[in-house]
Every structure is written in C-alpha cells, then in structure tokens.
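Each chain, letter by letter, is given below.
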Amino acid sequence: MKNPMINSQLLAEQPDCASDFSKPLTLRISDVQRMTGLGRTKIYKLITNGELSIIKIGRATLIPLSSLEALLVRGQQHRS
C-alpha cells in the first residue's frame, strides 16, 4: 500500500506546471500590433534595429514575450 504522506510531500515539492504556461512564450507580429498599438512597419524597424528579438520557424516570425517586455521597460525608463 502506498503511503499517502509521501505522495503529498512529493506533490508539494513539484513546481506548479500550470503557472508556467499562463503567458505565451512568443507572439506573432499581429499579436504585438494588437497589444502595443504599434504598426507593422514600426515593429519591423524595431527588429531591424535590434530592439526586438525574433525567432524564425519556417515562414513564421515570432517575437519572444521577454523581448517585448524588455522593450517596454526600456521605453518607460527613458521617460523617467
């Protein structure tokens, strides 16, 4: 018979996997447009200037959420 105390301890030590996927890892250009209000041309200029990172998978251009968040933080710091 399994010891329920050991099972509950193991579950308590496991990270909450559901919270790891509460945010997307990457966004499409159209998602970034909708979220920021920036136009497609401006987003591509930010990519060209190295201010936004991209990941290419086939024909899809994906922007890591962390890169977008970093851009927004830098923008806030310039205003302070």
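Remember, predicted model here, so these are calculated numbers, not experimental data.

## With respect to the sheet that holds strand S2 (residues 55-57)
Strand-to-strand pairing in sheets goes through backbone hydrogen bonds, with the strands running parallel or antiparallel. The sheet built from 3 strands is open, its strands ordered S1-S3-S2 with antiparallel pairing. Two strands bound the open sheet, and with one partner strand each, they are strand S1 (26-28) and S2. Put simply, the sheet's adjacent strands are angled 40° from each other on average, direction ignored. As defined by bridge partners, S2 adjoins strand S3 (residues 60-64) across 3 bridges and the pair is classed as antiparallel. When the bridges of S3 are listed, Lys56 appears paired with Thr61. In the packing of helix H3 (residues 29-36) onto the sheet, the strands contacted are S1 and S3, and the crossing angle to S1 comes to about 90°.

## Topic: the pairing of S3
The element S3 is largely enclosed, with a buried count of 5 among its 5 residues. In the sheet, S1 pairs with S3 via 3 bridges, with the strands oriented antiparallel. Note that in S3 the partner of Thr26 across the bridge is Pro64. Linking two consecutive strands that pair antiparallel, namely S2 and S3, is a turn of 2 residues; a positive phi of about 65° is found at Gly58 within it.

Criteria and thresholds
Residues numbered from 1 in each chain as written. Predicted model: local features only at pLDDT ≥ 70, side-chain atom pairs only at ≥ 80, totals over all residues. Heavy atoms only, no water. Pairing = 2+ DSSP bridges. Helix = DSSP H or I, 4+ residues; strand = E, 2+ residues; numbered from the N terminus. Axes fitted to C-alpha atoms, helices over the stretch in contact; angles between N-to-C directions. Contact = heavy atoms within 4.5 Å. Buried < 20%, exposed > 50% of the residue type's maximum accessible area, 1.4 Å probe, protein only.

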